[in-house]
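Structural description and commentary
Each chain, letter by letter, is given below.
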Amino acid sequence: MMYRKTILGLMMIAGIAVVAAPSAAATANKPNLVVILADDLGYQDVGFNGCKDIPTPHIDSVAANGIKFTSAYVTYSVCAPSRAGFMTGRYPQRYGFERNPKHLPDDNTAGLALGETTLADSLGKIGYKSAMIGKWHLGTHPDLHPVNRGFDECYNTPGRYFANSYAVNTRPGKKPQTCDKYRTDACSDEAVSFIERHKDESFFLFLAYDAPHMPLQATEKYLSRFPEIKNEKRKTYAAMVSAVDDGVGRVLEALRKLKLEDNTLVIFFSDNGGPEHKNASNNGPLRGGKSDATEGGFRVPFALQWKGTLSAGVYDQPISSMDIFATMSALSHSPTDPNHPLDGVNLMPYLTGREKGAPHEAIYLRKFDQGRFAVRKGDYKLLINGKGLDANLYNLTEDIGEKTDLASQYPERLDELEKLRAAWASQLIEPVFEGSYISRKKK
């Protein structure tokens, strides 16, 4: 149970509102908003979820000083559609984003649909300054570039962790520049710079690390921290996670140093589950990993901190990365598009105890190409693990590893979830662009 601490009476936790044109005064007392995203991080590869061999003190501090979510989901179990769901606050299957898009700089349909409002669009309309740093993966056509999707600034380095000859920086007055830093460190540097430059304004920072996504590459600075890990793949993976943790620490330290911590909401999560056999990640008790409709595919480490406003605690009800948009829009009173209603829910009333019960009736997943579905409602989950396969039923409270199928024992429960699945699926469209790959088949 979490208890409420009041800052300005938490005036803005009620709902999402349409507001007037921005001004300096309009954003003066609004919270700063920081989202830090890891890529392909295993569910049990952070300390607050039980990791033993990779210290993550800074990431853990977000959970220790805020809320640890035990049933947090993303909208998809691979990178790009997951990011699209977070960025729009809506299931990406509603607008045909259900694959990783190919690199098609001449095709403005191969990415985040232009008719969708992004979180940066929404916040920009009320005067927030925003930056997208790191991995975008929502389209390569100029129309789909972050600065054309609501962000004021974008910082990225082409290639992977060492294969960088220059950094693409759309900060006003900046040109592409030589970058000889380890990619993760370069992104952390830019994040701190953004906070320092906008300390007197309300800001939205989206820091999207590539790490610990393949290829496994790390500097000796981070590798030397893990002499006890003998598996070379796991050692390099651990080093990459440690670099992310250092970056999280630097962001938190910048907020403390500038006395912004109590007026900043910080969220950390992963875009999907870890692909255990590829990058040596560890999803712990969860079945499967990246690309799967089992829990290891789209149940992720997730923590939220707002010091001075939210007391520390644990939240067990199922939530979604889509809730980030809804929550931040409600807190800032940024506008949303009534023609594209959010699927996400403002979490603040639930975290403060003002609202009881579950934020969502159910959490859904569809993977069109594989014919996979999942529906999570309360303790129970329906799983269709591929085209032509029967539906399975699991009690996740008693069986987080999805080992015992209860479909034959509880046919009425299965039928209830199947009706929810069919009703939700009827609202979706087919993918609108080809994917860069078809996800691996189920094991």
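Coordinates for the structure precede this section.
In short, a report on the structure. The shown structure was predicted, so the numbers you read here are calculated from the model rather than taken from an experiment. (Residues numbered from 1 in each chain as written. Predicted model: local features only at pLDDT ≥ 70, side-chain atom pairs only at ≥ 80, totals over all residues. Heavy atoms only, no water.)

In this section: the overall build of the chain. For the chain, the helix and strand inventory stands at 12 helices and 15 strands. The C-alpha atoms of the chain give a radius of gyration of 21 Å, which matches the 22 Å a tight globule of 443 residues would have. Summarising its shape, the C-alpha atoms of the chain cover approximately 60 × 50 × 45 Å along the three principal directions. In the chain, buried positions account for 60% of the 443 residues. Expressed as a percentage of contacts within the chain between residues at least 6 apart in sequence, the contacts between residues at least 24 apart total 70%. Considering the chain, the positive charge centre built from 54 side chains and the negative charge centre built from 52 side chains are found 2 Å apart. (Helix = DSSP H or I, 4+ residues; strand = E, 2+ residues; numbered from the N terminus. Rg over C-alpha atoms; globule rule 2.2 N^0.38 Å. Buried < 20%, exposed > 50% of the residue type's maximum accessible area, 1.4 Å probe, protein only. Contact = heavy atoms within 4.5 Å. Lys, Arg positive; Asp, Glu negative; His and termini not counted. Charge placed at Lys NZ, Arg CZ, Asp CG, Glu CD.)

Here we come to the nonpolar core. With 77 residues, the main nonpolar core has Phe69, Phe204 and Phe206 as its most contacted residues. The element contributing the most residues to this core is helix 12 (residues 411-425), with five residues. Residues contacting phenylalanine 69, with those up to four places away along its chain left out, are Phe302, Ala303, Leu304, Tyr315, Ile319, Leu347 and Leu351. (Core = buried A, V, L, I, M, F, W, Y, C linked by side-chain atoms within 4.5 Å.)

With that out of the way, let us pick up the sheet that holds strand 14 (residues 380-385). Overall, antiparallel pairing links the four strands, which are arranged 12-13-14-15 in an open sheet. Each of the sheet's edge strands pairs with one partner strand only, and the pair in question is strand 12 (363-367) and strand 15 (392-395). Ignoring strand direction, the axes of neighbouring strands in this sheet form an average angle of 10 degrees. Set on the sheet, helix 12 makes contact with strand 12, strand 13 (372-377), strand 14 and strand 15; between it and strand 14 the angle comes to about 65 degrees. (Pairing = 2+ DSSP bridges. Axes fitted to C-alpha atoms, helices over the stretch in contact; angles between N-to-C directions.)

Moving on, we come to the packing of helix 5 (residues 183-197) against helix 7 (residues 232-257). It is the contact of helix 5 with helix 7, at a shortest axis distance of 9 Å, that shows an interaxial angle of 10 degrees. In terms of their interaxial angle, helix 5 and helix 7 are classed as roughly parallel. Of helix 7, the residues touching helix 5 (which contributes Thr184, Asp185, Ser188, Asp189, Ala191, Val192 and Ile195) are Ala243, Val244, Gly247, Arg250, Val251, Ala254 and Leu255. Looking at side-chain class alone, the contact of helix 5 with helix 7 contains eight nonpolar, three polar and three charged residues. (Parallel < 35°, antiparallel > 145°, perpendicular 65-115°, else oblique. Nonpolar A, V, L, I, M, F, W, Y, C, P; charged D, E, K, R; others polar.)

With six of its six residues buried, strand 7 (residues 203-208) lies for the most part within the structure. The two faces of strand 7 match: Phe203, Leu205 and Leu207 on one face and Phe204, Phe206 and Ala208 on the other face are all buried. Across five bridges, strand 1 (residues 32-38) lies against strand 7 in parallel orientation. Directly across from valine 35, in strand 7, lies its bridge partner phenylalanine 206.

The next subject is the packing of helix 2 (residues 57-64) against helix 7. Following both chains from N to C, one finds helix 2 and helix 7 inclined at 55 degrees, their axes separated by 7 Å at the closest point. As the angle between them shows, helix 2 and helix 7 are arranged oblique. Facing helix 2, whose interface residues are Pro57, His58, Ile59, Ser61 and Val62, helix 7 presents Val244, Asp245, Asp246, Val248, Gly249 and Leu252. Of the residues in the contact of helix 2 with helix 7, the class split is six nonpolar, three polar and two charged.

Summed over all chains, the structure comprises 17 aromatic pairs. Here phenylalanine 86 and phenylalanine 206 contribute two aromatic rings whose centre-to-centre distance is 5.0 Å and whose plane-to-plane angle is 55 degrees, an arrangement assigned as tilted. Taken together, the positions of phenylalanine 86 in helix 3 (residues 79-88) and phenylalanine 206 in strand 7 put the pair 120 residues apart, joining distant regions of the chain. Accessibility assignment for this pair places phenylalanine 86 and phenylalanine 206 in one class, buried. Here the aromatic rings of phenylalanine 194 and phenylalanine 203 are separated by 5.7 Å at their centres, their planes lie at 85 degrees, and the arrangement is edge-to-face. (Phe/Tyr/Trp six-rings, centres within 6.5 Å; stacked < 30°, edge-to-face > 60°.)

This part covers the side chain of glutamate 190. Among the secondary structure elements, glutamate 190 is positioned in helix 5. Excluding residues within four positions of it along the chain, glutamate 190 makes contact with Ile133, Glu153, Tyr155, Asn169, Arg171 and Arg197.

Our focus in this paragraph is the pairing of strand 12. Within strand 12, five of the five residues are buried, which leaves the element mostly enclosed by the surrounding structure. Side chains Ile363, Leu365 and Lys367 project from strand 12 onto one buried face, and the interleaved Tyr364 and Arg366 project onto a second face that is buried too. As paired strands, strand 12 and strand 13 are joined by five bridges and run antiparallel to one another. Each residue of the ladder has a partner; that of tyrosine 364, found in strand 13, is valine 375.

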